[in-house]
Amino acid sequence: ENEILLAFIAGKSKGLDPGYDAQKLKGNSNLALYSLLVDDDGNDYTIQSLPPADNQQVKLGLDAAQTGLYEFVNIVIENLNYSSIFLEDKTENLWVDLNLNSGYQFTLQQGGSFENRFVLHFGGIVTDIEEPAKEEVPFNILCDGESIILQNLSEEQLEGTWMVYNLAGQVLDSQQLLVEGYSNLVRIPKLATGLYLVSFRTTIGVFTQKVVLK
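Read on for a plain summary of the structure. Just so it is clear, the structure is predicted and the values come from calculations on it, not from any experiment.

Side note on the overall build of the protein chain
Move 1: Secondary structure summary: the protein chain contains zero helices and 17 strands in total.
Move 2: Put simply, 65% of the contacts in the protein chain that link residues at least 6 apart link residues at least 24 apart.
Move 3: Summed over all atoms, the accessible surface of the protein chain reaches about 12,100 Å², with 46% contributed by carbon and sulfur.

Some thoughts on the pattern of salt bridges
Move 1: A complete count under the given rule lists four salt bridges for this structure.
Move 2: With its nearest N and O atoms 2.6 Å apart, the salt bridge here joins Asp44 to Lys26. Placement of Asp44 in the loop between strand E3 (31–35) and strand E4 (45–50) and of Lys26 in the loop between strand E2 (22–23) and E3 is noted, with a sequence separation of 18 residues between them.
Move 3: Judged by its relative accessible area of 16%, Asp44 is buried.
Move 4: On the basis of relative accessible area, Lys26 is assigned to the partly exposed category, the value being 39%.
Move 5: Between Lys90 and Glu88 there is a salt bridge, and its shortest N-O distance comes to 3.6 Å.

Structural notes on the sheet that holds strand E15 (residues 184–187)
Move 1: In space, the three strands of this open sheet follow the order E11-E12-E15, with antiparallel pairing throughout. The sheet is open, and its two edges are formed by strand E11 (139–143) and E15, each paired on a single side. Between one strand axis and the next, the sheet turns through 15° on average, direction left out of account.

Overview of the packing of aromatic side chains
Move 1: Tallied over the entire structure, the rule returns nine aromatic pairs.
Move 2: Considering the side-chain rings of Phe8 and Phe122, the 4.9 Å spacing of their centres and the 65° angle between planes classify their relative orientation as edge-to-face. One end of the pair, Phe8, is in strand E1 (residues 5–8); the other, Phe122, is in strand E10 (residues 112–123), with 114 residues separating them in the sequence.
Move 3: The exposure class of Phe8 is buried, given its relative accessible area of 14%.
Move 4: With a relative accessible area of 8%, Phe122 lands in the buried category.
Move 5: An angle of 75° between the planes, with centres 5.1 Å apart, marks the rings of Phe72 and Phe118 as edge-to-face. Within this pair, whereas Phe72 is found in strand E6 (residues 68–72), its partner Phe118 is found in strand E10, the two being separated by 46 residues in sequence.
Move 6: For Phe72, a relative accessible area of 10% corresponds to the buried category.
Move 7: Owing to a relative accessible area of 1%, Phe118 belongs among the buried residues under this scheme.
Move 8: Through a chain of ring-to-ring contacts, three or more aromatic side chains come together here, namely Tyr70, Phe72, Tyr104, Phe106 and Phe118.
Move 9: Lys12 extends its terminal NZ or CZ atom over the ring of Tyr20, reaching a point 3.6 Å from the ring centre.
Move 10: The aromatic ring of Tyr34 is capped on one face by Lys26, whose charged end is 4.2 Å from the ring centroid.

What about unusual backbone geometry?
Move 1: Of note in this structure, Asn74 is not a glycine but carries a positive phi near 55°.
Move 2: Here Asn74 shows up in the loop between E6 and strand E7 (84–89).
Move 3: With phi around 50°, Asn93 is a residue other than glycine that occupies positive phi space.

Some details on the sheet that holds strand E17 (residues 205–213)
Move 1: Within the open sheet, the four strands sit side by side as E14-E13-E16-E17. Their pairing is antiparallel. Of all the strands in the sheet, just strand E14 (171–179) and E17 have a single pairing partner and so form its edges. Sheet twist, expressed as the mean angle between neighbouring strand axes with direction ignored, is 20°.
Move 2: In this structure, strand E13 (residues 158–165) lies alongside E14, joined through eight bridges in antiparallel fashion.

Cut-offs and rules
- Residues numbered from 1 in each chain as written.
- Predicted model: local features only at pLDDT ≥ 70, side-chain atom pairs only at ≥ 80, totals over all residues.
- Heavy atoms only, no water.
- Helix = DSSP H or I, 4+ residues; strand = E, 2+ residues; numbered from the N terminus.
- Contact = heavy atoms within 4.5 Å.
- Areas by Shrake-Rupley, 256 points an atom, 1.4 Å probe, with all protein chains shown as cover.
- Salt bridge = Lys/Arg side-chain N within 4 Å of Asp/Glu carboxyl O.
- Buried < 20%, exposed > 50% of the residue type's maximum accessible area, 1.4 Å probe, protein only.
- Pairing = 2+ DSSP bridges.
- Axes fitted to C-alpha atoms, helices over the stretch in contact; angles between N-to-C directions.
- Phe/Tyr/Trp six-rings, centres within 6.5 Å; stacked < 30°, edge-to-face > 60°.
- Lys NZ or Arg CZ within 6 Å of the ring centre and 35° of its normal.

See below:
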């Protein structure tokens, strides 16, 4: 078992922060999980501190001597409100929403060192902010079975990222959209029938709804 920790702390950098970043001690010659500093210094880290900025990408490194099935498990996310957090597997061309999935399985066809396969994507990071009360949310996501309706209940424009993903966390559609005040925006996704999750991520919050397409 290998563990890493990423911490978003005001005043810290994307490079080396002595006392806050810790290099990986690889005591297991068969397996090592680590992260690479965003401003990479050529070393591998078990603890990495970062500033709480938007749209950050962190590479994960994996040294694995054996082939077979592996799994990232016990992924714990704390104090990251309104944040989209995705694990990208470049080999499988797959994105996994870590707000919905606490683990991810993958297969290694050969052993070695992998530093360009896994990337963590953090977006919209805001720390120590309370979730708004339900009555304060000026937005609805509706579905009539064929089309999905983004309903703006306020007079202000809402600009954000529309995302549709399946229950495995794979992103199927992602676009920037603008919904005018007191209006509806209708989307007709070209997807097979089934259950999906739709989210609209804005600066004031993330609105997510399960929908069934028929």
